[in-house]
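Read off the chains here:
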2 protein chains.
Amino acid sequence: MTTTRRPRADARRNYERLLAEADAAFREGGIESSLESVARRAGVAIGTLYGHFPTRRALVGALLRERNEGLFDLGDRLLAHPAPDALATWVRAATAHAAAYSGLAALLADGLDDETSELHASCRRMADIGERLVARARETGAVRPDATGDDIIALTTAAASLHEHRSAAEADRLITLTLAGLATTRPA
Amino acid sequence: MTTTRRPRADARRNYERLLAEADAAFREGGIESSLESVARRAGVAIGTLYGHFPTRRALVGALLRERNEGLFDLGDRLLAHPAPDALATWVRAATAHAAAYSGLAALLADGLDDETSELHASCRRMADIGERLVARARETGAVRPDATGDDIIALTTAAASLHEHRSAAEADRLITLTLAGLATTRPA
DNA sequence: TGTTAATTCGAGGCAGCCTCAGTATAGTTT
DNA sequence: AAACTATACTGAGGCTGCCTCGAATTAACA
């Protein structure tokens with residue numbers, strides 16, 4: 001058996017500082033901000049950053065962890081307590097999540113198919129929730145019969161990208177319009 | 001007055017080769033492909049590339065010139081000869097244009113507001129055509145009364161980004177759904 | 001206090017960005 | 001066809017960022 005030692009105090013401190021500074025840097029300059037600058041801001045050598053986060057995506061994944069839990073909780077709640085606007089609520093929440101940092105939307109969109117991505121699992125989970133929510137809406141007749149989970153993925157991804165490159169207003173508008181299109185009774 | 005001299009033969013040759021190789025490189029690796037590799041492929045020193053195209057965006061702009069003309073011609077034709085599906089045709093064509101290279105959609109979306117971008121003028125022209133087309137559709141009653149040119153920009157941008165990060169199918173599907181939403185008679 | 005495994009450090013190799021002083025040459029003039 | 005010169009080309013060099021790895025440090029435990 002492997003007796004696990006308590007992690008060193010400096011390691012935990014550096015881990016937290018790196019996360020905090022990465023969050024700040026990514027908010028300001030997007031997800032492609034220089035990792036060396038993140039390490040500098042955290043007062044830590046570059047090697048230490050790589051020790052904790054071997055990959056930029058691993059860092060992003062760690063940054064998203066808490067946020068993810070909140071999102072998944074919302075999804076579970078929406079699934080547990082049916083409501084007519086559940087799908088719309090979900091799409092808006094997922095979009096906001098994917099638009100947390102500039103560049104994130106693309107990373108998440110790519111992460112869905114890329115099994116090597118540290119974000120793959122959480123992307124799948126998001127897709128799964130969306131899928132279940134449309135399925136229910138389809139049964140209710142709230143959305144057109146050919147609506148699929150992919151439609152939700154596409155809409156979320158697209159809206160998040162819009163949020164980043166155009167504005168929050170345009171992103172929200174796209175959601176409104178596309179959901180209206182999904183509510184169409186007969187396929188166009 | 002400044003008399004414009006004919007450019008030197010070697011300059012024109014290099015210009016063309018650079019364009020050709022940039023096109024190939026960007027098709028393969030997206031718009032962020034290394035410019036040094038483009039110069040290498042063209043058999044030219046890096047300084048020569050910068051001599052012709054001071055900016056990556058300038059290079060992209062040059063690459064898009066012909067393509068742009070074709071697109072604008074289509075726009076003018078659609079405006080000249082009213083047809084029920086003119087708007088849909090335009091959105092699909094503009095999306096295909098914006099998805100020519102991976103990374104282009106984002107560049108164009110940003111270029112609309114950024115007056116320093118070499119792509120600004122052509123982005124505006126695209127936006128203008130879209131605007132006129134929705135205006136007409138609005139008058140016809142083919143789209144909801146609150147539809148605007150921004151809706152078209154948003155949809156085009158979003159679909160192109162989807163084309164890049166998800167698939168052509170999802171991009172097309174978003175267009176279908178959003179246009180259906182725009183066709184909704186009363187605002188949701 | 002000593003031991004040891006975990007952690008940190010940062011120099012170094014590599015690639016890409018972009019500039020600029022020096023060099024080459026196409027096109028012109030005599 | 002030689003000389004001239006504006007135009008264009010060259011590529012080394014300074015900079016930043018990516019990532020790795022061997023050496024140095026240090027927190028945890030006995």
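Keep in mind the model is a prediction, meaning the values are calculated, not measured.

1. A look at the side chain of B:Thr156
Residues and elements named next belong to chain B.
- Examined against the element boundaries, Thr 156 turns out to sit in helix 8 (residues 149–165).
- Judged by relative accessible area, which is 7%, Thr 156 ranks as buried.
- Within the structure, Thr 156 has its side chain in polar contact with the backbone oxygen of Ile 152 (distance 2.8 Å).
- Residues contacting Thr 156, with those up to four places away along its chain left out, are Val 91, Ala 94 and Thr 95.

2. Thoughts on the relation of the copies chain B and chain A
- The transformation that overlays chain B on chain A combines an axial shift of 0.0 Å with a rotation of 179 degrees, and the residual RMSD is 0.3 Å. The relationship between the two copies is best expressed as a two-fold rotation axis.
- When the interface residues of chain B are mapped onto chain A, 100% of them again lie at the interface, so the same face is used by both copies.

3. Details of the UniProt feature "domain: HTH tetR-type" (unreviewed entry) in chain A
- The feature "domain: HTH tetR-type" (unreviewed entry), as annotated in UniProt, sits at residues 12–71 of chain A in this numbering.
- Between the end C-alpha atoms of residues 12–71 of chain A the distance is 26 Å, and the span holds 82% helix and 0% strand.

4. Some points on the UniProt feature "DNA-binding region" (unreviewed entry) in chain A
- This chain's UniProt record puts "DNA-binding region" (unreviewed entry) on residues 34–53 of chain A.
- Taken as a whole, residues 34–53 of chain A contains 75% helix and 0% strand, while its terminal C-alpha atoms sit 14 Å from one another.

5. Quick notes on the protein's contact with DNA strand D
- Every one of the 24 residues lining DNA strand D counts as a neighbour, but A:Ala9, A:Tyr50, B:Arg8, B:Asn14 and B:Thr48 are closest to it.
- Sugar plus phosphate: this is where 73% of the atoms of DNA strand D within 4 Å of the protein reside.
- One nitrogen or oxygen atom from the main chain of A:Leu35 is found 3.1 Å from a phosphate oxygen belonging to DNA strand D.
- Contributions of two or more residues to the surface near DNA strand D are made by helix 1 (9–29), helix 2 (35–42) and helix 3 (46–52) of chain A together with helix 1 (9–29) and helix 3 (46–52) of chain B.
- Counting residues per element, the surface near DNA strand D draws most heavily on helix 3 of chain B, which supplies four residues.
- Grouping the amino acids of the surface near DNA strand D by side-chain chemistry returns 10 nonpolar, five polar and nine charged.

6. Some words on the packing of aromatic side chains
Residues and elements named next belong to chain B.
- According to the stated counting rule, one finds four aromatic pairs over all chains in the structure shown.
- Ring centres of Phe 26 and Tyr 101 lie 6.0 Å apart, and the angle between their planes is 80 degrees; on these two criteria the pair is classed as edge-to-face. A residue pair is termed long-range when its members are at least 10 positions apart, and Phe 26 in helix 1 and Tyr 101 in the loop between helix 5 (86–98) and helix 6 (104–111) qualify at 75 residues. As far as the burial class goes, Phe 26 and Tyr 101 line up, both buried.

7. Observations regarding the pattern of salt bridges
- Per the counting criterion, the structure on display carries 32 salt bridges over all chains.
- A salt bridge links A:Asp10 to A:Arg8, with the shortest nitrogen-to-oxygen separation between them at 2.9 Å.
- The partner of B:Arg132 in a salt bridge is B:Asp128, and the shortest N-O contact between them spans 3.0 Å. Taken together, the residues span about one helical turn, with B:Arg132 and B:Asp128 both in helix 7 (residues 120–140) at a distance of four residues.
- What makes B:Asp128 partly exposed here is its relative accessible area of 35%.
- Bridged by salt links that share partners, the residues A:Arg17, A:Glu21, A:Glu28 and A:Arg41 form one connected network.

8. Examining the protein's contact with DNA strand C
- As a matter of local geometry, DNA strand C sits amid 22 residues, with A:Arg8, A:Asn14, A:Gly47, A:Thr48 and B:Tyr50 nearest to it.
- Between DNA strand C and A:Ala45 there is a distance of 3.0 Å, counted from a phosphate oxygen to a backbone nitrogen or oxygen.
- Within the side chain of B:Arg56, a nitrogen or oxygen atom sits 3.3 Å from a phosphate oxygen of DNA strand C.
- Elements with a contribution of two residues or more to the surface near DNA strand C: helix 1 and helix 3 of chain A together with helix 1, helix 2 (35–41) and helix 3 of chain B.

Rules of the game
Residues numbered from 1 in each chain as written. Chains lettered and ligands numbered in written order. Predicted model: local features only at pLDDT ≥ 70, side-chain atom pairs only at ≥ 80, totals over all residues. Heavy atoms only, no water. Helix = DSSP H or I, 4+ residues; strand = E, 2+ residues; numbered from the N terminus. Buried < 20%, exposed > 50% of the residue type's maximum accessible area, 1.4 Å probe, protein only. Polar contact = N/O pair within 3.5 Å; in protein donor to acceptor, adjacent residues only side chain to side chain. Contact = heavy atoms within 4.5 Å. Least-squares fit on C-alpha atoms with pLDDT ≥ 70 in both. UniProt positions renumbered as here; feature names shortened; annotations may be inferred. Near = heavy atom within 4 Å. Nonpolar A, V, L, I, M, F, W, Y, C, P; charged D, E, K, R; others polar. Phe/Tyr/Trp six-rings, centres within 6.5 Å; stacked < 30°, edge-to-face > 60°. Salt bridge = Lys/Arg side-chain N within 4 Å of Asp/Glu carboxyl O.

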